[in-house]
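Here's the letter readout for the chains.
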Amino acid sequence: MINELEFKSLSLQDLESLMGIDAEAFSEPWSKALWKKELTRPNRLYHGAFHQCELIGFAGGLIVEQDFHITTIATVLSLRSKGIGTLVLSGLLRALFEHKEAIDGVTLEVRASNVSAKTLYNKFGFAPVGIRRGYYQSDGEDALIMWLHGIRNTSFKEKLGRIEDEILKRVPTKGSTT
């Protein structure tokens, strides 16, 4: 399945699918009005993974000068822990290489208790730089602020390739016994 994914920018045509994944993934999903605004703002970029024309994961955020702030990343619940999130994040970072702005740094906030997300971000080289106390309104949990610098460097692009190759190695091919 992973080798059959298509990655592309999201648009208003993807709104209903996007909202479904958002509601499934987060205790505080974004409203339809907010998603409409986000998908049409010029300094925003949202990227999705599609399998057989169905949205199965997304990531995105906003451009601030030479930096990108990831505001959301999610996959459908039934496909978690299968490498989709890794490929969605990788696809977003690749889209940032090609963006007209010279984006070099990426930041995000993640729940302090979200071990799987922190592991994903660490794999790409995100490093913790601070804490936002009481960041999440629903329960007052702290957010860990993470940064990744140097995404335009050749060494980072090579790292992305290795991460993607590792995920693709886990995918059985026709005739394999795994």
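First things first, this report covers the structure right here in the doc. Please read these numbers as outputs of a predicted model, since none were measured by experiment.

Close contact between helix 3 (residues 84-98) and helix 5 (residues 154-169) brings their axes to 10 Å; oriented N to C, the two are set at 150 degrees. If you check the angle between helix 3 and helix 5, you find them roughly antiparallel. When you trace helix 3 past helix 5, the crossing you get is left-handed. Of the residues in helix 5, those touching helix 3 at Thr86, Leu87, Ser90, Leu93, Arg94 and Phe97 are Phe156, Lys157, Leu160, Gly161, Ile163, Glu164 and Ile167. Taken together, the residues of the contact of helix 3 with helix 5 sort by class into seven nonpolar, three polar and three charged.

Another point: the packing of aromatic side chains. Using the criterion set out here, one finds seven aromatic pairs in the structure. Ring centres of Trp35 and Phe58 lie 5.6 Å apart, and the angle between their planes is 90 degrees; on these two criteria the pair is classed as edge-to-face. Linking Trp35 in helix 2 (residues 32-40) with Phe58 in strand 3 (residues 54-64), this pair joins segments that are 23 residues apart in sequence. Exposure class is identical for Trp35 and Phe58. Each is buried. The rings of Trp30, Trp35, Tyr46 and Phe58 are connected pair by pair, giving a single aromatic cluster. The ring of Phe50 carries Lys8 above its face, with NZ or CZ at 4.6 Å from the centroid. Here the guanidinium or amino end of Lys157 rests over the ring plane of Phe97, the centre of that ring lying 4.9 Å away.

This brings us to the sheet that holds strand 7 (residues 143-149). Strand pairing in a sheet takes place through backbone hydrogen bonds and is either antiparallel or parallel in direction. The sheet built from seven strands is open, its strands ordered 1-2-3-4-5-7-6 with mixed pairing. A strand with exactly one partner marks an edge of an open sheet, and here the two such strands are strand 1 (5-9) and strand 6 (127-132). Going across the sheet, the axis of each strand differs from the next one's by a mean of 25 degrees, ignoring polarity. The sheet contact formed by strand 6 and strand 7 spans five bridges and is antiparallel. Across the sheet, Gly130 pairs through a bridge with Ile145, a residue of strand 7. Of the strands in this sheet, strand 4 (67-75), strand 5 (105-111) and strand 7 touch helix 4 (residues 115-124), which is tilted by about 160 degrees from strand 5.

Tracing the sequence through the fold places Ala25 in helix 1 (residues 15-25). Considered as a pair, Ala25 and Ile151 are 126 residues apart in the sequence and their alpha carbons are 27 Å apart.

What follows is about the pattern of salt bridges. By the definition in use, this model includes eight salt bridges. With a shortest N-O distance of 2.8 Å, Glu164 and Arg94 are connected by a salt bridge. Highlighted residues: Glu164 in helix 5 and Arg94 in helix 3, separated in sequence by 70 residues. Between Arg132 and Glu109 there is a salt bridge, and its shortest N-O distance comes to 3.0 Å. One end of the pair, Arg132, is in strand 6; the other, Glu109, is in strand 5, with 23 residues separating them in the sequence. Of the residues examined, Arg132 reaches a relative accessible area of 36% and is grouped as partly exposed. The class of Glu109 is buried, set by a relative accessible area of 14%. A cluster of three or more residues bridged by salt bridges with shared partners is formed by Glu38, Arg41 and Arg44.

Rules and cut-offs
- Residues numbered from 1 in each chain as written.
- Predicted model: local features only at pLDDT ≥ 70, side-chain atom pairs only at ≥ 80, totals over all residues.
- Heavy atoms only, no water.
- Axes fitted to C-alpha atoms, helices over the stretch in contact; angles between N-to-C directions.
- Helix = DSSP H or I, 4+ residues; strand = E, 2+ residues; numbered from the N terminus.
- Parallel < 35°, antiparallel > 145°, perpendicular 65-115°, else oblique.
- Left-handed = near helix turned anticlockwise from the far one by under 90°.
- Contact = heavy atoms within 4.5 Å.
- Nonpolar A, V, L, I, M, F, W, Y, C, P; charged D, E, K, R; others polar.
- Phe/Tyr/Trp six-rings, centres within 6.5 Å; stacked < 30°, edge-to-face > 60°.
- Buried < 20%, exposed > 50% of the residue type's maximum accessible area, 1.4 Å probe, protein only.
- Lys NZ or Arg CZ within 6 Å of the ring centre and 35° of its normal.
- Pairing = 2+ DSSP bridges.
- Salt bridge = Lys/Arg side-chain N within 4 Å of Asp/Glu carboxyl O.

All quantities given are derived from atomic positions and should not be read as evidence of function.
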